[in-house]
Amino acid sequence: MQRGISAPRSVAKWHTWPGSDFCADCRLPRGLFLRFDGRVSDPAFPPESLDERFLQAALAEGRRGVGKTSPNPAVGAVIVRGEGEPRIVGSGWHRRAGLPHAEIEALRSLPEPSLARGATLYVTLEPCSTHGRTPPCTQAILDAGIRRVVIGCLDPNPAHAGRGVEILRAAGVEVRVGVLEEDCRRLNLGFNQWIVTRMPWVIAKAGMSLDGRIARPPESPRWITNEASRADTHRLRAQVDAILVGGGTLRADNPQLTVRGLPPEAAADSPQPWRVIVSRSGNLPPESAVFTDEHRDRTLVFTGRPLREVLAELGRQGVTSVLIEGGMRVLGEAFDERLVNQVCFYVAPLLLGGPVLVTGGLGVGSSAKAPRIVNPQYERFGDDVRMTGEVEYPAR
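Residues numbered from 1 in each chain as written. Predicted model: local features only at pLDDT ≥ 70, side-chain atom pairs only at ≥ 80, totals over all residues. Heavy atoms only, no water.

Draft legend 1. How the structure looks around the packing of helix α3 (residues 137-144) against helix α4 (residues 163-170). Viewed as axis vectors pointing N to C, α3 and α4 meet at an angle of 25 degrees, and their least axial separation amounts to 10 Å. Between α3 and α4, the crossing angle belongs to the class labelled roughly parallel. For α3 against α4, the interelement crossing comes out right-handed. Of α4, the residues touching α3 (which contributes Thr138, Ile141 and Leu142) are Gly164, Ile167 and Leu168. (Axes fitted to C-alpha atoms, helices over the stretch in contact; angles between N-to-C directions. Helix = DSSP H or I, 4+ residues; strand = E, 2+ residues; numbered from the N terminus. Parallel < 35°, antiparallel > 145°, perpendicular 65-115°, else oblique. Left-handed = near helix turned anticlockwise from the far one by under 90°. Contact = heavy atoms within 4.5 Å.)

This is the structure in structure tokens:
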């Protein structure tokens, strides 16, 4: 049975795939560590069916696009032929909005176009059925002669959900929907929310001491967490559209809020996230890195506006995911307003004390009204521990 497990410790570094779809060191399938929730599918437990096996391959393709396709979803596809021993003959992933979708990339990767006729297409998301920036994929699938299509999950857009399936079935194509549905859904948490609500998926991220402090004493080193945790933060940053901090964090730390330290193959075609600064006063140091470095055109400042309004404005601009990195006031407001969808907290084995906590805000009146982390996942980075999970809010 296919199972989800916490990522092995080796996930804390970049993996190598020398001409293979499996890491040379730990045999982790290509791309499976690129997930918001820090989980991977355990290769020690084979899928229950060939459909699951090949859709896992499509997922691995799709994860290569995480953080690069916004406001489009990340999608992967593979084309399979053969009855006795089926094999992948083509594969593709959506690289950027406006470029061909994964299904088209997979069709174009075939050594011979005729290999599509009678083949099975595995795709993580329902093929599009309308003409947007690119032509509908459903028509390309029919023109190519694909006999069977296996889909991970339906289009989350209520206006389009199920239309692609209907078109393919009406044309005589065998369609199966819902294979590895939850894995495919999680590939696009940001897009899934944004396409329905036009609000971005919000991840609260913090590095803290064991007693919940996010500031070291004066004259101490700047960092609370270790180097491995900070490297993992850059991998997380590479998957979101925007990074948001408060004016106090900008004045105290002068953060760069960029993605750094990724290997060339991982950084290729990855845009730097938007840097979003929210300030009550607008009194921000003009010499700050976000205003003076080479990425200064990727900096946005919002003055005197509620956080919900800021996020709504970002959503209108096509931002589907936001990483809030502090400080205490901003994170407190985000939780008070029920804006946080997910947390990613790095905890160092230190007891610092002091007044600067990970979250401020109004707090809750009782533990029964507190937001809870659903299915929390834990990962060690040296002596640090990372906890990730989605946030569930009680009924009002």
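Draft legend 2. Molecular detail of the pattern of salt bridges. What the rule picks out here adds up to 19 salt bridges. Here Arg185 ties to Glu182 by a salt bridge, and the two come within 2.7 Å at their closest N and O atoms. One end of the pair, Arg185, and the other, Glu182, are both in helix α5 (residues 181-186), three residues apart, so they sit about a helical turn from each other. On the basis of relative accessible area, Arg185 is assigned to the partly exposed category, the value being 30%. Salt-bridge contacts for Asp232 lead to Arg235; the nearest nitrogen and oxygen are separated by 3.6 Å. Of this pair, Asp232 and Arg235 both sit in helix α7 (residues 227-237), three residues apart, roughly one helical turn. A relative accessible area of 6% means that Arg235 is categorised as buried. A network of salt bridges, in which partner residues are shared, links Asp51, Arg147, Arg148, Glu174 and Arg176. (Salt bridge = Lys/Arg side-chain N within 4 Å of Asp/Glu carboxyl O. Buried < 20%, exposed > 50% of the residue type's maximum accessible area, 1.4 Å probe, protein only.)

Draft legend 3. Spotlight on the sheet that holds strand β4 (residues 87-93). Pairing is mixed across the open sheet formed by five strands, whose spatial order is β4-β3-β5-β6-β7. Edge strands, defined here as strands with exactly one partner in the open sheet, are β4 and β7 (174-177). On average, adjacent strands in this sheet sit at an angle of 15 degrees to one another, irrespective of strand direction. Where strand β3 (residues 76-81) and β4 come together, six bridges link them in antiparallel fashion. Considered in β4, the bridge of Val78 is made with Ser91. Of the strands in this sheet, β3, β4, β5 (120-125), β6 (148-153) and β7 are in contact with helix α1 (residues 50-63), which crosses β3 at around 140 degrees. (Pairing = 2+ DSSP bridges.)

Draft legend 4. Fine view of the nonpolar core. Ranked by internal contacts, the top residues of the largest apolar core, which has 37 residues, are Leu55, Ile79, Leu107, Leu121, Tyr122, Ile146 and Val149. Listed by contribution, the elements that provide at least two residues to this core are α1, β3, α2 (102-108), β5, α3, β6 and α4. In this structure Leu107 touches Ile79, Ala116, Ala140, Ala144 and Ile146, once residues within four positions along its chain are discounted. If you look at the next biggest cluster of nonpolar residues, it comprises 30 residues, including Ala242, Leu307, Val319 and Leu339. (Core = buried A, V, L, I, M, F, W, Y, C linked by side-chain atoms within 4.5 Å.)

Draft legend 5. Up close: the side chain of Asp155. With respect to the helices and strands, Asp155 occurs in the loop between β6 and α4. One polar contact links the side chain of Asp155 to the main-chain amide nitrogen of Asn157, over a distance of 2.8 Å. Among residues more than four places away in sequence, those in contact with Asp155 are Leu125, Glu126, His160 and Ala161. (Polar contact = N/O pair within 3.5 Å; in protein donor to acceptor, adjacent residues only side chain to side chain.)

Draft legend 6. The arrangement of the pairing of strand β10 (residues 274-279) in detail. Here β10 lies mainly inside the structure; five of its six residues are buried. Pairing between strand β9 (residues 242-246) and β10: five bridges, direction parallel. Within β10, the residue paired with Leu244 across the bridge is Val276. Bridge count for β10 against strand β11 (residues 299-303) is five bridges, and the pairing is parallel.

Draft legend 7. Just the sheet that holds strand β15 (residues 384-392), in detail. The strand order across the open sheet formed by eight strands is β11-β10-β9-β12-β8-β13-β15-β14, and the pairing between neighbours is mixed. Edge positions in the sheet fall to β11 and β14 (372-381), since each of these pairs with one other strand and no more. Looking at each pair of strands side by side, their axes are set apart by 20 degrees on average, direction ignored.

Draft legend 8. The arrangement of the environment of Val319 in detail. Mapped onto the secondary structure, Val319 falls in the loop between α11 (307-316) and β12 (321-324). The exposure class of Val319 is buried, given its relative accessible area of 4%. Taking the C-alpha atoms as reference, Val319 lies 9.7 Å from Pro273; in sequence the two are 46 residues apart. Not counting chain neighbours up to four residues away, the residues in contact with Val319 comprise Trp194, Pro200, Asp241, Ala242, Trp274 and Leu314.

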